[in-house]
Amino acid sequence: SEAYRIRFQGKDSYLHDVVANKWGVLWRHLIRRSLLQRHGIAFNPDFGASEDYHYMVRCLYYAEKIAYVEECLYHYNCSNSNSISTARKESTAQWYGRATDCVEEFLERRGILPAYENDLVLRKINVKNMFLRFGIPLWNSNYPEVAGFIWKKDVEIPLKRRIVYTALVAIDIPRKIIKILRNRV
């Protein structure tokens, strides 16, 4: 499919996309065991979801070379409503948040966080959006710092989503209206 035919200018460009939540999935990559062993990379057993995001950022950061297959060879079974990928649970949103926080800490420890700040904001907005279904107070309490980025020109957020986020931050909208907005965005 055309969605997978993306050209990158190099490792840095690819890592920016992964940090921004575009390709931080394990199923798209083959990783040398020597890379994992050399840098002590392993899955975090405390994550019940989004564990591949943190894992892939570390793998790509340390990789000397990146190659990928442009063809989609893996398909999710979306019919299981109890799977982590399709279930809409607060715990899943919390795991996504924890993985995001771990990536932020990793980038900060490496001294490269400023270069990935806008990409990380996009990820945080996506995670924040997951909390919306659990109420405005929970949505407001997760990543409140992204509100300052909603209207920045160099952060790629669709106008419709910018307007909805601004409204949610500004006023406490009744739950019925939130459901309507969530279905349209």
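Just above, that's the structure.
Values in this document were obtained by computation on a predicted structure and should not be read as measured data.

Visitor: Any chance you could explain the overall build of the protein chain here in plain terms?
Guide: The helix and strand inventory of the protein chain stands at eight helices and zero strands. The order of α-helices and β-strands along the protein chain, N terminus first, is α-α-α-α-α-α-α-α. By the burial criterion, 38% of the 185 residues in the protein chain qualify as buried. Partitioning the contacts of the protein chain with sequence separation of at least 6, the portion at a separation of at least 24 is 65%. For the protein chain, the exposed area adds up to about 11,300 Å²; of that, 52% sits on carbon and sulfur atoms.

Visitor: Just checking my understanding: could you explain the nonpolar core for this structure?
Guide: Within soluble globular proteins, side chains that are nonpolar tend to cluster in buried spots. Core analysis: the biggest nonpolar cluster contains 23 residues, and Val19, Tyr53, Val57, Cys59 and Leu107 have the highest contact counts within it. Of all the elements in the fold, those that place two or more residues in this core are helix H1 (11-19), helix H2 (33-39), helix H3 (51-62), helix H4 (90-109) and helix H5 (113-131). The element best represented in this core is H3, accounting for six residues. Excluding its chain neighbours within four sequence positions, the residues that come into contact with Cys59 are Ile31, Leu35, Leu36 and Ile41.

Visitor: For this particular structure, what's the right way to read the packing of aromatic side chains?
Guide: Geometry of an aromatic ring pair is reported as the spacing of the ring centres plus the angle between the planes. For the structure shown, the criterion picks out four aromatic pairs. Ring centres 4.9 Å apart and planes at 80° place the aromatic pair Tyr61 and Tyr62 in the edge-to-face group. Under the relative-accessibility criterion, Tyr61 is labelled partly exposed at 24%. For the pair Tyr61 and Phe106, a centre-to-centre distance of 5.3 Å together with 90° between the ring planes defines the contact as edge-to-face. Taken together, the residues Tyr61 in helix H3 and Phe106 in helix H4 connect sequence positions 45 residues apart.

Basis of the calculations
Residues numbered from 1 in each chain as written. Predicted model: local features only at pLDDT ≥ 70, side-chain atom pairs only at ≥ 80, totals over all residues. Heavy atoms only, no water. Helix = DSSP H or I, 4+ residues; strand = E, 2+ residues; numbered from the N terminus. Buried < 20%, exposed > 50% of the residue type's maximum accessible area, 1.4 Å probe, protein only. Contact = heavy atoms within 4.5 Å. Areas by Shrake-Rupley, 256 points an atom, 1.4 Å probe, with all protein chains shown as cover. Core = buried A, V, L, I, M, F, W, Y, C linked by side-chain atoms within 4.5 Å. Phe/Tyr/Trp six-rings, centres within 6.5 Å; stacked < 30°, edge-to-face > 60°.

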